[in-house]
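Reading the structure
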Amino acid sequence: MARAGAAQEVHDAERAAIDHVARLTSRLGIDIDRHSDGETILAHSRTAQKHLRTQQPELDNAYSAKTQLHDTNQLKSLGMASSHHGGLTLPVGFALHPRKYLSGLAQAATPAGVALYGNSPALGVARDGNGIVVTTPKARIKADRLIVATNGYTTEDLIPWLRGRTLPAQSSVIATEPMDAKTLAAQGWTSHQMAYEDRRLLHYFHLTPDNRMVFGMRGGLVSSAANETRIRARVRADFERVFPAWAHVPTPFYWSGMVCLTASLTPYCGEIPDMPGAFTAFGYHGNGVAMGSYCGTLLADLAQGKPPRHLRPRAFAAPPPRFPLGRYRRGFLAAEYAWARLTD
Ligand SMILES: Cc1cc2nc3c(=O)[nH]c(=O)nc-3n(C[C@H](O)[C@H](O)[C@H](O)COP(=O)(O)OP(=O)(O)OC[C@H]3O[C@@H](n4cnc5c(N)ncnc54)[C@H](O)[C@@H]3O)c2cc1C
C-alpha cells in the first residue's frame, strides 16, 4: 500500500509539473507555440498493441484520465497514418517549442534580478566557513546557497556526492523543413499530436505548428564526430521506415544532447547530503522540460528553508544509489541498447 502511494505521488508530480509549465508560461506571457492535446503512444508491433490494451486501466488510474485506444484505421482518420499497429492517447500534457520556452524564461529572469553568466564553467566547488565557494575561469564566488542543475552534463570531478549517481544518455533529433499539404497528405500524417512508441529504444516525434516533422530517438553512448554521423544516419533510416512516403523528404536539421538516468529510475530533488547549503535536482529520464521546471520550484523553496509549495514525492527525496562500474558505467547502456534492439 505504501509502495502504491509512493508511485502515485510520482504520477501526481508529473501532472503537477505540466500544470506548472502551463501556469508559468501564461503568467509570464511566453509564447511557446503550444500544441498537441496530450500524447499518443504508438504500437510498433501487434504485441505492443496488446500491451497498450492491458496498460490502459493502469494509465487511467495513474493519471486520473480517460485514455483512448485506436486501431490503425482510427489512427488514419486522426491524421496519424504510419507503419504502426494502433495506439493509445493519454490526454495529459502538451508540446512546446523548447527554445522559445528557454528564451522566455531568461528574459523574465533578468528584470526579476537574476544575473545570467553563460560560458562560465564552474571548475571547483568547495565549502568555505558557512558558505560555498564556486571557482570559474575568471571569478571566485562565495554564496550562502548553491543549486547544481547540471543533469546529464554532471561531471565526476566537481562534487564527490554526485559521482556515479547520474547516467548520461544521448538523445538525437532530425527535422524536416515545413512540409506542404500535398506532402503531408501523401503520408497521411497531418496531426500535430506528440507521439512516441511503446518500445524500449523509442522514437518520439511530432509535427510542429509550421508543419516540420521533428523525429528523435535514444542511442549513442558518447558525443564524438564519428558517433554523431552514425546516429544521424540511423535516425534518418528509422524516420524513413516509420514514414515511408517521406523517404524523399530531406531532414537538413540534426541535434543531440544528454539526458540523465538514475539507478532509482526517478529524479532526485533535494539537498546534497554532505554539503549543507547545496541543493540539486537531476534524473528526469528524458522528460525534464516539465519536471526540471517543477523541481526548480521545489529547490527554490528548499534552498530558502521553506516547505516546498508543490508536492515533493518521497521517491524524489531519496538519494539514488550509485551505479556500479564507476566511470565505465555507460557500458550498461551498451548492453541495454543491444538487448532492446533484439527484443523490440
Ligand atoms: C534531443 C533531445 C530531445 C529531448 N526531448 C525532450 C522532450 O520531448 N520532452 C522533455 O521533457 N525533455 C526532453 N529532453 C530532455 C530535456 O532536454 C532535459 O531533461 C532538460 O533539458 C533538463 O534540464 P536541465 O536544466 O536540468 O539540464 P540541461 O538542460 O541538460 O542543462 C544542464 C546545463 O548544465 C551545464 N553545465 C554542466 N556542467 C557545468 C559546469 N561545471 N559549470 C557550469 N555549467 C555546467 C551544461 O552546459 C548545461 O547547459 C530532450 C533532450 C534531448 C537532448
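The structure this text deals with has already been given above.
Okay, so let's go over this structure.

Rules behind the numbers
Residues numbered from 1 in each chain as written. Predicted model: local features only at pLDDT ≥ 70, side-chain atom pairs only at ≥ 80, totals over all residues. Heavy atoms only, no water. Core = buried A, V, L, I, M, F, W, Y, C linked by side-chain atoms within 4.5 Å. Buried < 20%, exposed > 50% of the residue type's maximum accessible area, 1.4 Å probe, protein only. Helix = DSSP H or I, 4+ residues; strand = E, 2+ residues; numbered from the N terminus. Contact = heavy atoms within 4.5 Å. Pairing = 2+ DSSP bridges. Axes fitted to C-alpha atoms, helices over the stretch in contact; angles between N-to-C directions.

Now for the nonpolar core. If you look at the biggest cluster of nonpolar residues, it comprises 23 residues, and the most contacted ones within it are Cys269, Met291 and Cys295. When contributions to this core are tallied by element, the ones reaching two or more residues are helix H1 (2–28), strand S14 (278–282) and helix H7 (288–303). If one sorts the elements of this core by residue count, H7 sits on top with 8 residues. If we ignore the near neighbours within four places in the chain, the residues touching Cys295 are Cys269, Ala281, Tyr284 and Phe316.

As a further point, take the sheet that holds strand S2 (residues 68–70). Read across the open sheet, the 8 strands follow the order S2-S3-S1-S9-S10-S11-S8-S12; overall the sheet is mixed. Among the strands making up the open sheet, the edge pair consists of S2 and strand S12 (253–261). Within the sheet, the average angular offset between the axes of one strand and its neighbour, ignoring direction, is 20°. One ladder, built from 5 bridges, connects strand S8 (residues 167–175) with strand S11 (residues 213–218); its direction is antiparallel. The residue bridging Ile174 from the neighbouring strand is Phe215, located in S11. Its contacts with the sheet put helix H6 (residues 225–242) on S8, strand S9 (194–197), strand S10 (203–207), S11 and S12, and the angle it makes with S8 is roughly 55°.

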